[in-house]
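Examination of the molecular architecture
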Amino acid sequence: MAPREAYSSGTEVRGRFVPDPLLYRPRPWRGLAALAADWALIAAAFSAALLWPSLPTYMLAAIVIGRTQLALAVMMHESAHGLLLPSQAANDAVGQAFAAGPLCLSLKTYRAGHLKHHRAPMRFDDPVAIVFGVNDYPIGRRELILRLVGDLLGIGNLVTARKFMRGDFRGLVPAFDNCARHKAWELFTMLASNGLIMGALAACGHAWLYLGLWTLPSLTLLQFFGRIRAIMEHAGLPECEDQSRNARTIVRPSWQTFLFGPHGIHYHIEHHLFVRVPFHSLGRVHRKMADQGLLPDANLYPGYLGVLRDVSSTPSSERQSK
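With that settled, the discussion passes to the overall build of the protein chain. When helices and strands are tallied, the protein chain shows 16 helices and two strands. Taken along the three principal axes of its C-alpha coordinates, the protein chain extends 60 × 50 × 40 Å. Each of the 322 residues in the protein chain was classed as buried or not, and the buried ones make up 51%. When contacts within the protein chain are restricted to residue pairs at least 6 apart in sequence, those whose partners lie at least 24 apart make up 74%. Per element, the accessible surface of the protein chain, about 15,200 Å² overall, is 64% carbon and sulfur. Across the protein chain, the centroid of the 33 positively charged side chains sits 3 Å from that of the 23 negatively charged ones.

Residues three or four positions apart in an α-helix share a direction because the helix packs 3.6 residues into each turn. Relative to the 16 Å expected for 12 residues at 1.5 Å per residue, helix H7 (residues 141-152) spans 17 Å between its end C-alpha atoms, a close match to the ideal helical length. Once H7 ends, the next one or two residues include Gly154, with phi positive near 85°.

Tallying each qualifying case throughout the model produces nine salt bridges. One salt bridge in this structure joins Asp136 and Arg147, with 2.6 Å as the shortest N-O distance. Linking Asp136 in the loop between helix H6 (127-131) and H7 with Arg147 in helix H7, this pair joins segments that are 11 residues apart in sequence. A residue is classified by how much of its surface remains accessible, and Asp136, at 28% relative accessible area, is partly exposed. Judged by its relative accessible area of 18%, Arg147 is buried. Between Asp242 and Arg245 there is a salt bridge, with its nearest N and O atoms 3.7 Å apart. Taken together, the shared-partner salt bridges in this structure form one network comprising Lys116, Arg123 and Asp125.

Conventions we followed
Residues numbered from 1 in each chain as written. Predicted model: local features only at pLDDT ≥ 70, side-chain atom pairs only at ≥ 80, totals over all residues. Heavy atoms only, no water. Helix = DSSP H or I, 4+ residues; strand = E, 2+ residues; numbered from the N terminus. Buried < 20%, exposed > 50% of the residue type's maximum accessible area, 1.4 Å probe, protein only. Contact = heavy atoms within 4.5 Å. Areas by Shrake-Rupley, 256 points an atom, 1.4 Å probe, with all protein chains shown as cover. Lys, Arg positive; Asp, Glu negative; His and termini not counted. Charge placed at Lys NZ, Arg CZ, Asp CG, Glu CD. Expected span 1.5 Å × (residues − 1). Salt bridge = Lys/Arg side-chain N within 4 Å of Asp/Glu carboxyl O.

Dropping the structure here:
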């Protein structure tokens, strides 16, 4: 499967709106600047923890780093669509080395599952819906809170890891070519990037911060931010041929999108309709479609709280009795 292959439905909407061809053009400097800004923010958070050691500083640094780990995951997503850099080889190398690798993830594996997701979001075998656990909504308010608290405590991560080890996700990701040489490269990016972070902190005399402010946030806060992002995108929506109606969009950037929807990923209807449009152009696509009334009002939200309220309004007991 070609990395740049695009899947999208919503023929009626797409037939009435054709983005300016320039919006499809990746701008390498925008992608590289976004990655550089993410790493600069991570460096700033570590620096603040080193310069002003205190519990409030550590907590704030952990939140910033956990959020920015999510931003790196979004840049991995951009690379999975082949939109980070025009050269596919460079796109994959940068995406693996500076986005996927530091999170101990494989860009190729993610791409295979993610492109399957784009063919039929929320279908019974959608890898994104199953792995992120958004295939059983709506759920009770209490259950939603328990899941979010579980993520903050690291329980959600342990549950997902157990499912992987048990083989619950086996067969979800389509087969793809991943030779031994490429696997070695992926492992190298994981070890090298994490080794550099730990080495830099050790050189400053605070190696423990690697565990406290990099590993721990990735096991807790990243899962929390990522779950809320995934809930907003598709939870509670049915499989639907028109992908403008089984995805959601947060209509404007805010502190909420900074935390849960970095790099324009909150324009999720637009992304599913026009998967070849880079992240930095999705806002323009949204504004043009909104001006023409081409976006479903029911799937547009000003923030994440409204989404969480809507997907958890049915009590668990009522849902189980249906």
